[in-house]
Amino acid sequence: MGRIPAGGGTGRDEPGTNPFSGRRETEEERADRQWGDLLQELRVAQTGVQILFGFLLAVVFQPRFADLSTADRNIYVVTVMLGSATAAALIGPVSYHRLLTGRRMKPQTVLWASRLTKLGLGLLFCTMCSALLLILRVALHNAAALWLVGGMALWFLVCWFVFPLWAIARDGGRRPGGGGGAPDAEDPGPRP
């Protein structure tokens, strides 16, 4: 690990202590840790996107595809485009990191990769809902498909966004540094 800035105690005002996370680490150490965390998250999301996108690409070559209604074909096209955009957004941080490696820009790389990952998760939500709509319309041939997709979309929102936001709100002022503040992946950290 790198050099930890000098300081006497373990308080919030100690030099080198990140007021948002309570960790004693340099900006470079924090960026390295955050990059590792982000890579683990991306591995999970990228695998799911690749499987879904592969499925979507294969659908058009199935004999039954010709029997789809115009509406279902349009939903398919939208779903494939969303899947493409999702793959680009979730693979983008890897390219970003590779192109900036060695330029001493890791904190900025982590910040932009984090933002791109959040965008990718939003696109993944849209892709999943669109794929479900296509599949359930073909399977059910009735309005129940819309209700089922709506229910599943709500469940995705709760699992992916509501629970984390609820945890943040519930945490209130108990975080090191007095609570509130920027998310760890985007916090500016200590400055000289």
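Residues numbered from 1 in each chain as written. Predicted model: local features only at pLDDT ≥ 70, side-chain atom pairs only at ≥ 80, totals over all residues. Heavy atoms only, no water.

Participant: Please provide a residue-by-residue account of a nonpolar patch on the surface, values included.
Facilitator: On the surface, Leu121, Leu154, Leu157, Phe161, Leu165 and Ile168 cluster together into a nonpolar patch covering about 540 Å² of accessible area. Ranked by the residues each element gives to the nonpolar patch, the list is headed by helix H4 (residues 144-171), at 5 residues. Tracing the backbone shows Phe161 in helix H4. Looking at Phe161, the relative accessible area reads 31%, which means it is partly exposed. (Patch = residues over 30% accessible without salt bridge, like charges linked within 9 Å, V, L, I, M, F, W, Y side chains within 5 Å. Areas by Shrake-Rupley, 256 points an atom, 1.4 Å probe, with all protein chains shown as cover. Salt bridge = Lys/Arg side-chain N within 4 Å of Asp/Glu carboxyl O. Helix = DSSP H or I, 4+ residues; strand = E, 2+ residues; numbered from the N terminus. Buried < 20%, exposed > 50% of the residue type's maximum accessible area, 1.4 Å probe, protein only.)

Participant: Which residues make up H4, and what values go with them?
Facilitator: Between the first and last C-alpha of H4 there are 39 Å, a value that for 28 residues agrees with the 40 Å anticipated at 1.5 Å per step. Taking the largest bend as the criterion, H4 deviates by roughly 40°, centred on Val158. Buried within H4 we find Ala145, Val149, Ala153 and Phe156. Against the buried residues of H4 lie helix H3 (106-140). Directly after H4, the chain includes Gly172, whose backbone phi takes a positive value near 55°. (Expected span 1.5 Å × (residues − 1). Bend = angle between axes of the 7 residues up to and from the residue. Contact = heavy atoms within 4.5 Å.)

Participant: Can you explain unusual backbone geometry? Please cite residues and give values.
Facilitator: The bulk of non-glycine residues show a negative phi, and the bulk of peptide bonds are trans. Residues other than glycine seldom take positive phi values, yet Arg104 does so here, at roughly 55°. Along the polypeptide, Arg104 turns up in the loop between helix H2 (70-100) and H3. Positive phi outside glycine occurs at His141, with the angle close to 55°. Mapped onto the elements, His141 comes out in the loop between H3 and H4.

Participant: Before we move on, could you go through the pattern of salt bridges and cite the residues and values that matter?
Facilitator: In the structure shown here, the tally under the stated rule is 4 salt bridges. Between Asp72 and Arg137 there is a salt bridge, and its shortest N-O distance comes to 2.5 Å. Residue Asp72 is located in helix H2, and its partner Arg137 is located in helix H3; the two are separated by 65 residues in the primary sequence. For Asp72, a relative accessible area of 8% translates into the label buried. Residues participating in the shared-partner salt-bridge network are Glu25, Arg33 and Asp37.

Participant: Which residues make up the side chain of Thr117, and what values do they have?
Facilitator: Summarising the element assignment, Thr117 is placed in helix H3. Those residues in contact with Thr117 that sit more than four places away from it in its chain are Leu38, Leu42, Leu90 and Pro93.

Participant: Before we move on, could you go through the confidence of the model for the chain and cite the residues and values that matter?
Facilitator: Averaged over every residue, the pLDDT of the chain is 82; the share at 70 or more is 78%. Overall, residues 1-13 carries pLDDT values under 50, and its contacts beyond four positions in sequence, including any with other chains, amount to 20 contacts. (pLDDT = per-residue confidence, 0-100.)

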